[in-house]
Amino acid sequence: MSTPIEVRSLDRLPRDGCLIVPSRLDANQANALASSLAGRNITWLVEETVTLTEELQSYLQHSGHRGAAFSKTDESLPDVGRNLGPKIEANGVLIFVPGVTNVRPGSSCHIPSGILQALCQLEIPIAPLDVSVPAEMKLEIENSSKFPAAILNFSNAIPRGQATIARYREALLIASEESFSSRDFLRESLAMAILQGLKKHSKKNRLYDGTDDSELPFEKILGAALALSKEIKLATKKKRIGVILPPGRGGTIANIAVLFANKIPVNLNFTASHEAIGSAIRQADLDRFITADPFVRKVADFPWPPNRDLLFIERILPRIKKKIVKWVLLGKILPAQIIAKLHGIGKSKGDEEALLLFTSGSSGEPKGVPLTHRNLLANVCQFGRQLDLPEETKLLGCLPLFHSFGTTATLLFPIIEGLDLVTYPSPLETKRLAELISQHQVSLLLTTPTFLRGYMRHVNPEMLSSLKIVVTGAEKLAVNLANSFKEKFGILPMEGYGLTETSPAATINLPDPAAENGLPVIPSQRFTSVGPPLPGLAIRITNPATDEKNTIDQSGIIWMKGSNIFNGYLGRPEITEEVIDESGWFKSGDVGRIDDEGFLFIEGRLSRFSKIAGEMVPHENVEAAVNRVWNLDNEIEPKVAVVGIPDEKKGEAIALLSTIAGPAIEQENLDLRYKLLDEGLPSLWCPKTIIPVEEIPILASGKLDIKGCEELLANS
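A brief report on the enclosed structure follows. Predicted model, so just to flag it, every value in this text is computed and none were measured.

Looking at the overall build of the protein
Line of reasoning, step 1. Along the protein, the regular secondary structure elements total 22 helices and 31 strands.
Line of reasoning, step 2. Taken over the C-alpha trace, the protein has a radius of gyration of 27 Å; the compact-globule value for 716 residues is 27 Å, and the two agree within 12%.
Line of reasoning, step 3. Its C-alpha atoms give the protein principal-axis dimensions of about 80 × 75 × 50 Å.
Line of reasoning, step 4. Residues classed as buried in the protein amount to 60% of the 716 residues present.
Line of reasoning, step 5. Taking the contacts inside the protein whose residues are at least 6 apart along the sequence as the reference set, 71% of them involve residues at least 24 apart.
Line of reasoning, step 6. Of the charged side chains in the protein, 77 are positive and 85 negative; the average position of the first set lies 8 Å away from that of the second.

Spelled out as structure tokens, the structure:
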């Protein structure tokens, strides 16, 4: 049975009259809200076209408070607001009553944008009220009996005449983040959550390894990880241990075992340069590395440490087979708390470091990003509840484990939430991946646009017929690619957004909820956007030139705040201070805005803008235009990349790296310029020069290697 409803931050409610606009409201929540406002004159405000539940209608009729109505189509909503004025005099409040809508779980606002617009036009001071239901936003392993039935949290009020949808949404996201970040599970241990997940789903769920078509039930993963954790404790006294393995049963067991050993896994990027790898090893202070003989042979150019520092997982596991069998059996019998006590699992928790990843180094030396137990538990919950997948879902895990999305979404998420995981060591072998998708009837594919092009070229449509959701990230999803993929495979890829520093998921597009009973649909996808913020994530926008705060519908630098946001870079306090302010807001370095429906649009990375004659020119937009006029949208590998070059007159100019430039560079550039101008591209944005290169450097994640592009430019 749930505990009572909590009403928070009442001190933010203006003492004079205002309009309270809750993000949602049922009968019990309405009663709790009215009770918290005892002594104030309450008037329930309803928009004429909304549908209310019978329970809520009954409560409103018998609540003892007055009622009023308006229509979003009223010709003069400010006049309606003035007529409502007497109801908020003498300590009165209006409370808007949202209607029933078809909405995806975890959505921050259940009010259609048309009604929000009308409420803002009433020109009454508005007090945004977030209504969160913890039972709807929980980890699969959590017991919801002790949760509050709901948390009603006020944000700061918006003064009279200043209310806009953007201001309302921003305030609501802040209040929602506060409610989510106060949750008890965020103070717990990631290792303990994994242990509970493996136990709870021990017989139901499996890992299917595509390298040899083997199956591993979760109960055997648990036994192997528990036994291996003892060996790891004996191998090193250091707090961190390197993992050099691709996705698969070895990489999964190794990472879990390190966490069970109360140590921190550091999945190293085996595709990075020797300098970047050496830097990561030094920064992490590593002296032992878990890997496998076959992988050592396969990645021969990796700067492998001496053999004495390597722990070969395929040698260790057979040697400790009896211990594994013992812990498989004990894992079935003993409660999670007893197993944790016997192994010392869960000593590290909350804001302590759980996992160390390194940024891709796309624009410089890799930076260490320590992610805490809180960060990762939050993101698994945010991501999982937004997806709201059925139990029988299978997802494909082929993204590298040194990539934050590979670790969180295709290792931690399926184990804690109880989903079958199909693994394969490379996202590039799309033909084999399609076979695995077909063989196991995979329904969720997490990938990047670069890898989508491989499916377009090598895979028959029927091979992907089981897919229900395709989500891309790491780079911009081109419109032509998305439409071509849908035309071939019958499913539209949806774009998400995140960073290593956000654990990583921040926003995601997902299929709209079903339109049922004639009720309004709150959309959960908007093509060309990266989706709405995940539950519990607040967003604000600042002006790139002045650092002054914009409203979130104005383009600018994206800042984020939430439990999934990291606490700072490893050993780099000076860089941390540049991106995290004293209130915990993280400066992403990306430029974007949020529309009236709540969708985030990314307009470029700040480091990928050139300031030309005082104007900010986005490199990605120029690349997209070049790809269109040169018909390159469906190419698997990128053929062009934009970089900024110094210019004496305008400060900076655009240079285009191109793999298809011919000998007559000047004529090609002139022809390209005319085509881009015909496309509507401003003259200032057109490339000043084309620089022929053999290939455009990209990272293993599919992102453009900015540092590599700059080196090509310097050597040209």
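A word on the pairing of strand S14 (residues 353-358)
Line of reasoning, step 1. The buried fraction of S14 amounts to 6 of the 6 residues, a majority that puts the element mostly inside the structure.
Line of reasoning, step 2. Judged from the 5 bridges that link them, S14 and strand S15 (residues 368-372) form a sheet pairing that is antiparallel. Residue pairing for S15: Phe-358 is matched across the bridge by Gly-368.

Examining the packing of helix H14 (residues 373-387) against helix H15 (residues 404-417)
Think of two packed helices as two axes; the pair is described by the angle between the axes and how far apart they sit.
Line of reasoning, step 1. In the contact formed by H14 and H15, the axes pass within 10 Å of each other and the chain directions differ by 75°. As judged from the angle between their axes, H14 and H15 are roughly perpendicular. Here H14 contributes Leu-376, Asn-379, Val-380, Phe-383, Gly-384, Arg-385 and Leu-387 to the contact with H15, which in turn contributes Phe-405, Thr-408, Ala-409, Leu-412, Phe-413, Ile-416 and Glu-417.
Line of reasoning, step 2. Taken together, the residues that form the contact of H14 with H15 break down as 9 nonpolar, 3 polar and 2 charged.

Remarks on helix H13 (residues 336-343)
Line of reasoning, step 1. Regarding H13, the residues found buried are Ala-336, Ile-339, Ala-340 and His-343. Projected down its long axis, H13 carries its buried residues within an arc of 100°, all on one side. When the buried face of H13 is taken as reference, the exposed residues oriented beyond 90 degrees from it are Gln-337 and Lys-341.
Line of reasoning, step 2. Packed against the buried residues of H13 are helix H6 (190-200), helix H7 (218-235), helix H8 (249-260) and helix H12 (321-333).
Line of reasoning, step 3. The first or second residue beyond H13 is Gly-344, which carries a positive phi of 70°.

Looking at the side chain of Ser-503
Line of reasoning, step 1. Here Ser-503 is to be found in the loop between strand S20 (494-498) and strand S21 (505-508).
Line of reasoning, step 2. Residue class for Ser-503 comes out buried when judged on its relative accessible area of 0%.
Line of reasoning, step 3. When near neighbours in sequence (up to four residues on either side) are disregarded, Ser-503 contacts Leu-371, Asn-375, Leu-376, Asn-379, Thr-408 and Asn-564.

Here's the deal with the pairing of strand S26 (residues 600-605)
Line of reasoning, step 1. Judged from the 5 bridges that link them, strand S25 (residues 586-594) and S26 form a sheet pairing that is antiparallel. Counterpart to Arg-593 in the pairing with S26 is Phe-601.
Line of reasoning, step 2. Count of turn residues in the S25/S26 antiparallel hairpin: 5 residues, of which Gly-598 carries a positive phi of about 95°.

Structural notes on the sheet that holds S25
Line of reasoning, step 1. One open sheet accounts for 5 strands, arranged S23-S22-S24-S25-S26; its pairing is antiparallel. Edge strands, defined here as strands with exactly one partner in the open sheet, are strand S23 (549-550) and S26.
Line of reasoning, step 2. Pairing between strand S22 (residues 538-542) and strand S24 (residues 556-561): 5 bridges, direction antiparallel. Opposite Ala-538, over in S24, you have Lys-561 as the bridge partner.
Line of reasoning, step 3. Lying over the sheet, helix H5 (residues 165-181) contacts S22, S23 and S24, oriented at roughly 135° with respect to S22.

Concerning the pattern of salt bridges
Line of reasoning, step 1. In total, this model carries 29 salt bridges according to the counting rule given.
Line of reasoning, step 2. The partner of Asp-213 in a salt bridge is Arg-432, and the shortest N-O contact between them spans 3.2 Å. Note that Asp-213 is positioned in the loop between strand S8 (206-209) and strand S9 (214-217) and Arg-432 in helix H16 (residues 430-440), a separation of 219 residues in sequence.
Line of reasoning, step 3. Residue classification places Arg-432 among the buried residues on the basis of a relative accessible area of 19%.
Line of reasoning, step 4. For Arg-572, the salt bridge is made with Glu-574, and the minimal N-O distance between the two is 3.6 Å.
Line of reasoning, step 5. Note on Arg-572: relative accessible area 19%, which makes it buried.
Line of reasoning, step 6. Accessibility expressed as a relative area gives 43% for Glu-574, which makes it partly exposed.
Line of reasoning, step 7. Shared partners join several salt bridges into a network, and the residues in it are Asp-287, Arg-288, Arg-308 and Asp-309.

A look at a positive patch on the surface
Line of reasoning, step 1. Among the surface-exposed residues, Lys-230, Lys-233, Lys-326 and Lys-347 lie close enough to one another that they form a single positively charged patch.
Line of reasoning, step 2. On the secondary structure map, Lys-233 appears in helix H7.
Line of reasoning, step 3. Given a relative accessible area of 31%, Lys-233 falls into the partly exposed group.

Here's the deal with the packing of H6 against H15
Line of reasoning, step 1. Viewed as axis vectors pointing N to C, H6 and H15 meet at an angle of 55°, and their least axial separation amounts to 7 Å. Overall, the two elements H6 and H15 adopt an arrangement that is oblique. Of the residues in H15, those touching H6 at Leu-190, Ala-193, Ile-194, Gly-197 and Leu-198 are Leu-412, Ile-415 and Ile-416.
Line of reasoning, step 2. For the contact of H6 with H15, a count of residues per class yields 7 nonpolar, 1 polar and no charged.

A look at a nonpolar patch on the surface
Line of reasoning, step 1. A cluster of nonpolar side chains, contributed by Leu-670, Tyr-674 and Leu-677, occupies part of the molecular surface with about 260 Å² of accessible area.
Line of reasoning, step 2. If you trace the backbone, Leu-677 turns up in helix H21 (residues 665-678).
Line of reasoning, step 3. Take Leu-677: its relative accessible area is 33%, and that puts it in the partly exposed class.

Looking at the packing of aromatic side chains
Line of reasoning, step 1. Per the counting criterion, the structure on display carries 11 aromatic pairs.
Line of reasoning, step 2. Ring geometry for Phe-566 against Phe-586: centres 5.5 Å apart, planes inclined by 85°, an arrangement best described as edge-to-face. A residue pair is termed long-range when its members are at least 10 positions apart, and Phe-566 in the loop between S24 and helix H19 (573-579) and Phe-586 in strand S25 qualify at 20 residues. Of the two residues, Phe-566 and Phe-586, neither departs from the other in class, the shared state being buried.
Line of reasoning, step 3. One aromatic cluster is present, formed by Phe-270, Phe-295 and Phe-402 through successive ring pairs.
Line of reasoning, step 4. The aromatic ring of Trp-559 is capped on one face by Arg-540, whose charged end is 4.9 Å from the ring centroid.
Line of reasoning, step 5. Across from the ring centre of Phe-601, 4.6 Å away, lies the NZ or CZ of Arg-593, which sits over that ring.

Concerning unusual backbone geometry
Line of reasoning, step 1. Cis peptide bonds are those with omega within 30 degrees of zero, and the linkage from Ser-503 to Pro-504 qualifies with 0°.
Line of reasoning, step 2. Residue position: Pro-504 is located in the loop between S20 and S21.
Line of reasoning, step 3. Of note in the backbone geometry, Ala-474 takes a positive phi value of approximately 80° without being a glycine.
Line of reasoning, step 4. With respect to the secondary-structure elements, Ala-474 resides in the loop between strand S19 (469-472) and helix H18 (479-489).
Line of reasoning, step 5. Given the relative accessible area of 32%, Ala-474 is considered partly exposed.

Thoughts on the sheet that holds strand S30 (residues 651-658)
Line of reasoning, step 1. With respect to topology, 3 strands assemble into an open sheet ordered S29-S30-S31, the strand pairing being mixed. At either end of the open sheet lies a strand with only one pairing partner, and these are strand S29 (640-647) and strand S31 (689-692). For this sheet, the mean angle separating the axes of adjacent strands, direction not counted, is 35°.
Line of reasoning, step 2. As defined by bridge partners, S29 adjoins S30 across 8 bridges and the pair is classed as antiparallel. Within S30, the position partnered with Ile-645 by the bridge is Ala-653.
Line of reasoning, step 3. Against the sheet, helix H20 (residues 619-629) touches S29 and S30, its axis set at about 130° to S29.
Line of reasoning, step 4. Helix-sheet contacts for helix H22 (residues 706-715) involve S29, S30 and S31, and the interaxial angle to S29 is about 60°.

Here is what the cut-offs are and how they apply
Residues numbered from 1 in each chain as written. Predicted model: local features only at pLDDT ≥ 70, side-chain atom pairs only at ≥ 80, totals over all residues. Heavy atoms only, no water. Helix = DSSP H or I, 4+ residues; strand = E, 2+ residues; numbered from the N terminus. Rg over C-alpha atoms; globule rule 2.2 N^0.38 Å. Buried < 20%, exposed > 50% of the residue type's maximum accessible area, 1.4 Å probe, protein only. Contact = heavy atoms within 4.5 Å. Lys, Arg positive; Asp, Glu negative; His and termini not counted. Charge placed at Lys NZ, Arg CZ, Asp CG, Glu CD. Pairing = 2+ DSSP bridges. Axes fitted to C-alpha atoms, helices over the stretch in contact; angles between N-to-C directions. Parallel < 35°, antiparallel > 145°, perpendicular 65-115°, else oblique. Nonpolar A, V, L, I, M, F, W, Y, C, P; charged D, E, K, R; others polar. Arc of directions from axis to C-beta. Salt bridge = Lys/Arg side-chain N within 4 Å of Asp/Glu carboxyl O. Patch = residues over 30% accessible without salt bridge, like charges linked within 9 Å, V, L, I, M, F, W, Y side chains within 5 Å. Areas by Shrake-Rupley, 256 points an atom, 1.4 Å probe, with all protein chains shown as cover. Phe/Tyr/Trp six-rings, centres within 6.5 Å; stacked < 30°, edge-to-face > 60°. Lys NZ or Arg CZ within 6 Å of the ring centre and 35° of its normal.

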